[in-house]
Amino acid sequence: MSAANDPLADAPPPSPDALAHSQRLQALIAAEIEATDDGRLGFDRYMELALYAPGLGYYSAGARKFGGAGDFVTAPEISPLFSRCLARQCADILETLGGGDVLELGAGSGVMAADMLRELATLDRLPARYLILELSGELRERQQQTLAAQVPELAERVQWLDRLPEQPLRGVILGNEVLDALPVKRVMRSAHGWRELCAGLDGEQFMEVSREPDEALTQALERLPGSLPEGYRTEINTGLAPWLQTLAEMLGEGSMLWLDYGLPRAEYYHPQRLTGTLRCHYRHRAHDDPWRWPGLQDITAWVDFTAVAEALTDAGLGLDGYTTQAHFLLGGGLEALAGAALSDPGAGESEAQVRNRLDVAAQIKRLTLPSEMGEAFKVIGFATDPALAWRGFGLRDMAAKL
Ligand SMILES: C[S@@+](CC[C@H](N)C(=O)[O-])C[C@H]1O[C@@H](n2cnc3c(N)ncnc32)[C@H](O)[C@@H]1O
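Participant: What is the right way to look at the overall build of the chain in this model?
Facilitator: Regarding its fold elements, the chain presents 13 helices and 16 strands. In summary, the chain has a C-alpha radius of gyration of 22 Å against a globular reference of 21 Å for 402 residues, a match within 12%. Across its three principal axes, the chain shows a C-alpha extent of roughly 65 × 50 × 40 Å. Per-residue burial for the chain yields a buried fraction of 52% across its 402 residues. Taking the contacts inside the chain whose residues are at least 6 apart along the sequence as the reference set, 78% of them involve residues at least 24 apart. As displayed, the chain has an accessible area near 17500 Å², and 49% of this comes from carbon and sulfur atoms. Between the centroid of the 36 positive side chains of the chain and the centroid of its 57 negative side chains there is a distance of 3 Å.

Have a look at this one:
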């Protein structure tokens, strides 16, 4: 790739230490490729190692990840209003259930947990326990620091789990931008049918190689539209349904809520989306080269929300709503929550107040405008009991599109 076409050309280059770290991870992945019979490692396994190899993967090791100094920004990092709306939704559910727990998957920096707990305390609807299941040891430590610093008085309610609870959970299971971080398979339509795209080696460099899909992948590919053109590349998450179903089995009573960027299947696998949805993020630059600096960049794929709905309804949960992030937040009371921060006190407003008002207005735009996160990000909700209250789906429910 010439420098003129390289989206990372103007990015701050990794330090020598960071490059050495990436090389250690590359050596680990290369050894796994060499240990296969045919020199082909499924892309899902490559992605799993690149993100979660203990001590080396992007999420498992020390990369900054979130925020301005990191590689990408998520909604809870943009504004506490996001987590406060979500907390209000959880408060309704906990009230209907007469109490219960919250279980957050993949809690990132811990800021969403802190903001939600603060809001739930204000509403007098604190969960009995706020459980966090996090794959990354490094992030778990960061979450502990965030919660201890931001809500020390509530920290005793928070428990980190090493595995899913054995007892059925009553309450809410939720995750923001977790499903997009689960490893996916990559496939390409050839003249003779689908091929699975894998990681192979060209000397010390990773390269794309392909193989016949196995039976499980073939079955998953059968659910895709038949009319996709030759050369069409996309992603498919064959691990998603079993993962979600394990969570559903553990939900004794309550609801499950996922927030992420994604589409219904018919739009995800649209014939014009020729190169799929896989993206890598390094220092706020998005690109599509997953072999670049493994361990130093995030790798994600959009979520097929039809697959999420199928998996969880097959597991016995009811699909209660599917909407855009903007509609979910506005339905959840964003305007009322922001109202105080946005109202113009008139003459006498201090410079700091003006700056705060402008900041809040900018945060709301980022969370809700269609050109920002408002439309690409979706929210999907499920429940064991259809009577649970969902203020977030009140303004617009697009579940019929799934
Ligand atoms: C893109 S980050 C989002 C973090 C946070 N929820 C936010 O919105 O800022 C993905 C998170 O999911 C975690 N994660 C990925 N797979 C997971 C799994 N199977 N179980 C629990 N956490 C997981 C990652 O370690 C990371 O914390």
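Participant: Help me out: how do you make sense of the sheet that holds strand 13 (residues 298–300) in this one?
Facilitator: Strand pairing in a sheet relies on backbone hydrogen bonds, with the paired strands running either antiparallel or parallel. The strand order 12-11-13 describes an open sheet built from three strands, whose pairing is antiparallel. Strands at the two margins of the open sheet, each flanked by one partner only, are strand 12 (285–287) and strand 13. Each neighbouring strand pair of the sheet contributes to a mean axis angle of 25 degrees, computed without reference to strand direction. Bridging between strand 11 (residues 279–282) and strand 13 involves three bridges; their strand directions are antiparallel. Paired with C280 across the strands is I299, a residue of strand 13.

Participant: Mind showing me how you'd approach the state of the cysteines here?
Facilitator: The bond known as a disulfide is covalent and runs between the sulfur atoms of two cysteines. Counted according to the given criterion, the structure contains zero disulfides. The structure places no disulfide on C90, whose sulfur is separated from the nearest cysteine sulfur, that of C85, by 11 Å. We note that C280 lacks a disulfide partner, and the nearest cysteine sulfur, in C198, lies 17 Å from it.

Participant: Help me understand the packing of helix 8 (residues 240–250) against helix 10 (residues 305–314), please; the structure alone is not making it clear to me.
Facilitator: Helix packing geometry: the angle between the two helix axes and the distance between the axes. At their nearest, the axes of helix 8 and helix 10 sit 9 Å apart, and the two run at 40 degrees to each other. Considering the angle they form, helix 8 stands oblique to helix 10. Between helix 8 and helix 10 the crossing geometry is right-handed. Between helix 8 and helix 10, the contacting residues are L240, A241, L244, Q245 and A248 on the first element and A307, V308, A311, L312 and D314 on the second. The residue makeup of the contact of helix 8 with helix 10, split by class, is eight nonpolar, one polar and one charged.

Participant: In this structure, what is going on with the site of the ligand? I would like to understand it.
Facilitator: Close to the ligand lie 19 residues; Y52, T74, G106, E134 and N176 are nearest. Between a nitrogen atom of the ligand and a main-chain N or O atom of N176, the distance comes to 2.7 Å. For the ligand, the protein covers 96% of the area, taking 590 Å² as the surface of the free molecule. Its residues assigned to classes, the shell around the ligand comprises twelve nonpolar, five polar and two charged.

Participant: Help me understand helix 10 in this model?
Facilitator: Each full turn of the α-helix corresponds to 3.6 residues, which orients residues three or four apart in the same direction. Among the ten residues that make up helix 10, seven are buried, leaving the element largely enclosed by the rest of the structure. All of the buried residues along helix 10 are F305, T306, A307, V308, A309, A311 and L312. Residues of helix 10 that are buried sit in contact with helix 8, strand 10 (251–263), helix 9 (265–268), strand 14 (303–304), strand 15 (318–324) and strand 16 (377–383). One or two positions beyond helix 10, positive phi appears at G316, with a value near 100 degrees.

Participant: In this structure, what is going on with the packing of helix 4 (residues 80–97) against helix 12 (residues 334–342)? I would like to understand it.
Facilitator: Direction vectors running N to C along helix 4 and helix 12 enclose 135 degrees, while the axes themselves pass 10 Å from each other. One finds that helix 4 runs oblique with respect to helix 12. The way helix 4 lies across helix 12 gives a crossing that is right-handed. Touching L81, R84, C85 and R88 of helix 4 are L334, L337 and A338, all from helix 12. For the contact of helix 4 with helix 12, a count of residues per class yields five nonpolar, no polar and two charged.

Participant: Where do I start with helix 12 in this structure?
Facilitator: Restricting attention to buried positions, one finds in helix 12 the residues L334, L337 and A338. Buried residues of helix 12 fall within an arc of 85 degrees about the axis and therefore sit on the same side. Along helix 12, exposed side chains directed more than 90 degrees from the buried face belong to E335, A336 and A340. For helix 12, the elements touching its buried residues are helix 4, helix 5 (111–122), helix 11 (325–331) and helix 13 (351–368).

The rules we used
Residues numbered from 1 in each chain as written. Predicted model: local features only at pLDDT ≥ 70, side-chain atom pairs only at ≥ 80, totals over all residues. Heavy atoms only, no water. Helix = DSSP H or I, 4+ residues; strand = E, 2+ residues; numbered from the N terminus. Rg over C-alpha atoms; globule rule 2.2 N^0.38 Å. Buried < 20%, exposed > 50% of the residue type's maximum accessible area, 1.4 Å probe, protein only. Contact = heavy atoms within 4.5 Å. Areas by Shrake-Rupley, 256 points an atom, 1.4 Å probe, with all protein chains shown as cover. Lys, Arg positive; Asp, Glu negative; His and termini not counted. Charge placed at Lys NZ, Arg CZ, Asp CG, Glu CD. Pairing = 2+ DSSP bridges. Axes fitted to C-alpha atoms, helices over the stretch in contact; angles between N-to-C directions. Disulfide = S-S within 2.5 Å. Parallel < 35°, antiparallel > 145°, perpendicular 65-115°, else oblique. Left-handed = near helix turned anticlockwise from the far one by under 90°. Nonpolar A, V, L, I, M, F, W, Y, C, P; charged D, E, K, R; others polar. Near = heavy atom within 4 Å. Polar contact = N/O pair within 3.5 Å; in protein donor to acceptor, adjacent residues only side chain to side chain. Arc of directions from axis to C-beta.

It is worth stressing that arrangement in space is one thing and function is another; only the former is reported here.
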